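Working through the structure, step by step
Okay, here's what each chain looks like letter by letter:
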Amino acid sequence: MQVLHVVGARPNFMKAAPVMTALATRGFSQTLVHTGQHYDANMSDVFFRELDMPAPDVNLEVGSGSHAVQTAEVMVRLERVLLDRRPNWVVVYGDVNSTMAATLVCAKLGMPVAHVEAGLRSWDRSMPEEINRLVTDQLADLLFTPSADGDENLAREGVGKQKIHLVGNVMIDTLVRLLPVAQQREGPNTLSRWRGERYTLVTLHRPSNVDDPPRLGEILRVLAELSAESPVLFPMHPRTRKQIERLGLAAPTDRLQFLEPLGYMEFLALQSRAALVITDSGGIQEETTFLGVPCLTVRENTERPITVSVGTNVLVGGDVDKLRMEARRVLRGGAKVGAIPPLWDGKASERIAGILASTG
Ligand code: UD1
């Protein structure tokens, strides 16, 4: 059976890697298409290397653009590849523009498409990812969910039960495999300055936090305040970096350290040793839950509610006073204790491979 995987942006790579390995073990013939949505070496290439992923068979090189442009370019370029290769299944991951664009093309061509990480909902349609999730899940033929809330959401939207499979979290498969390797390392270079200190790790890239200058300024002020208690390491997404440069902002204290985006291994090692993580990423909410590391999410909502109900995640919303208060609580020993959700066990991709094999 021929399976074609479509990946495009950083959070796709760690999800596709274990699924490709599990399918390879079962003898599937596979093609990897990279849309080129993310193209910087530190947003893309480093992940292929560290995750032992094969180089993409095809790179669509769509690059950056408005949502319409990016989506349309993926559609036009991918259609040619699909007509040429005619796979039995197309597998798409997560909620990025490339995911939705690929799913639309498949639906129009009548090619079966499987969505990995289906069913997540933030109920916030101002997030581009929510639109991508809704469209992808309506059109997909097989929906692999990471947690039971996903199954409930899909059932509510009228998706047929026979299409839905609760398989667990594929991103955790990659974490389970690589955590021991990441932890065996000497310790990330990034940490050498702060050896022995309990540090806070920050990532922010959502338009709602970084595209609004007063909001970004407020968040940076709180991070600077917190850095008096705990050094703050801030690997920066290109979108955030551009905005900070445009506004002429600099790190206000040397205990708040702006860094380039990090590779998978270094970021995982940093996460696993952090006293606190502050983020607006979806994946990092899940990784911190698995690692048992306290996480404050700078968003009003989450499509991953299990990280709050079961895991270590706390939503602090748009209120920077709440961010400051909750961060101090964690740094002073009052962190919430969490547990690992069911089926986040490193075997989700094997379950996916089994289900795909049974369709042949
Ligand atoms: C995308 C995903 C988001 C995911 C994030 C992870 C969508 C709608 N959003 O957001 O869900 O959490 O990836 O990183 O698909 N840029 C570079 N180099 C790159 C890639 C991007 O400089 O390699 C810059 C470009 O100026 C671009 C901007 O970052 O305009 C945003 O990139 P884009 O892919 O449009 O969205 P992300 O914010 O990365």
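Structure: see above.
Below is a short write-up of the structure. (Residues numbered from 1 in each chain as written. Predicted model: local features only at pLDDT ≥ 70, side-chain atom pairs only at ≥ 80, totals over all residues. Heavy atoms only, no water.)

**What to know about the overall build of the protein**
Secondary structure summary: the protein contains 15 helices and 13 strands in total. Taken against the 2.2 N^0.38 rule, which gives 21 Å for 360 residues, the C-alpha radius of gyration of the protein at 20 Å falls within 12% of a compact globule. Oriented by its inertia axes, the alpha-carbon framework of the protein measures out at about 60 × 40 × 40 Å. The proportion of buried residues among the 360 residues of the protein is 58%. In the protein, the share of contacts with a sequence separation of at least 24, taken over all contacts with a separation of at least 6, comes to 71%. Working note: accessible area of the protein is about 14300 Å², and carbon and sulfur atoms make up 52% of it. (Helix = DSSP H or I, 4+ residues; strand = E, 2+ residues; numbered from the N terminus. Rg over C-alpha atoms; globule rule 2.2 N^0.38 Å. Buried < 20%, exposed > 50% of the residue type's maximum accessible area, 1.4 Å probe, protein only. Contact = heavy atoms within 4.5 Å. Areas by Shrake-Rupley, 256 points an atom, 1.4 Å probe, with all protein chains shown as cover.)

**Quick word on helix α15 (residues 348-358)**
Among the residues of α15, A348, S349, I352, A353, I355 and L356 are the ones counted as buried. All buried residues of α15 project into a common sector of 165 degrees when viewed along the axis, lining one side. The secondary structure elements touched by the buried residues of α15 are α1 (10-25), β4 (89-93), β5 (113-116), β6 (142-145), β7 (164-166) and α7 (170-184). (Arc of directions from axis to C-beta.)

**Considerations on the nonpolar core**
Within the largest apolar cluster, 44 residues are counted, with the highest numbers of intra-cluster contacts made by L51, M53, F144, Y264, I352 and L356. Shared between two domains, this core holds at least three residues of each, these being domain 1 (2-168 + 344-358) and domain 2 (178-331). Not counting residues within four places of it along the chain, the set of residues in contact with L356 comprises M1, L23, F28, W89, V91, L142 and F144. Among the nonpolar cores identified, the runner-up in size contains 28 residues, and L204, L226, I244 and L296 belong to it. (Core = buried A, V, L, I, M, F, W, Y, C linked by side-chain atoms within 4.5 Å. Domains from an automatic or database assignment.)

**What about the site of the ligand?**
Neighbouring the ligand are 22 residues, the closest being H38, N97, E129, H205 and K242. A distance of 2.9 Å separates an oxygen atom of the ligand from a polar backbone atom of D40. H237 is positioned such that a nitrogen or oxygen atom in its side chain is 2.9 Å from an oxygen atom of the ligand. For the shell around the ligand, the secondary structure elements donating two or more residues are α1, α3 (67-85), α5 (128-139) and α10 (238-246). A per-class count over the shell around the ligand returns 6 nonpolar, 9 polar and 7 charged. Structurally, the shell around the ligand is a two-domain feature, drawing no fewer than three residues from each of domain 1 (2-168 + 344-358) and domain 2 (178-331). (Near = heavy atom within 4 Å. Polar contact = N/O pair within 3.5 Å; in protein donor to acceptor, adjacent residues only side chain to side chain. Nonpolar A, V, L, I, M, F, W, Y, C, P; charged D, E, K, R; others polar.)

**Digging into the pattern of salt bridges**
Across all of its chains, the model carries 25 salt bridges by this definition. Linking R121 and D137 is a salt bridge whose minimum nitrogen-to-oxygen distance equals 3.0 Å. Here R121, found in the loop between β5 and α5, pairs with D137, found in helix α5; they are 16 residues apart in sequence, far enough to count as distant. Residue R121 shares its accessibility class with D137, and that shared class is buried. Note that D345 is salt-bridged to R351, the shortest N-O span being 2.8 Å. On the accessibility criterion, R351 (25% relative accessible area) is partly exposed. Salt bridges here are not isolated pairs; linked through shared partners, they connect K15, D95, E117, E130, R133, E286, R299, E303 and R304. (Salt bridge = Lys/Arg side-chain N within 4 Å of Asp/Glu carboxyl O.)

The values reported here are purely geometric and, on their own, carry no functional implication.
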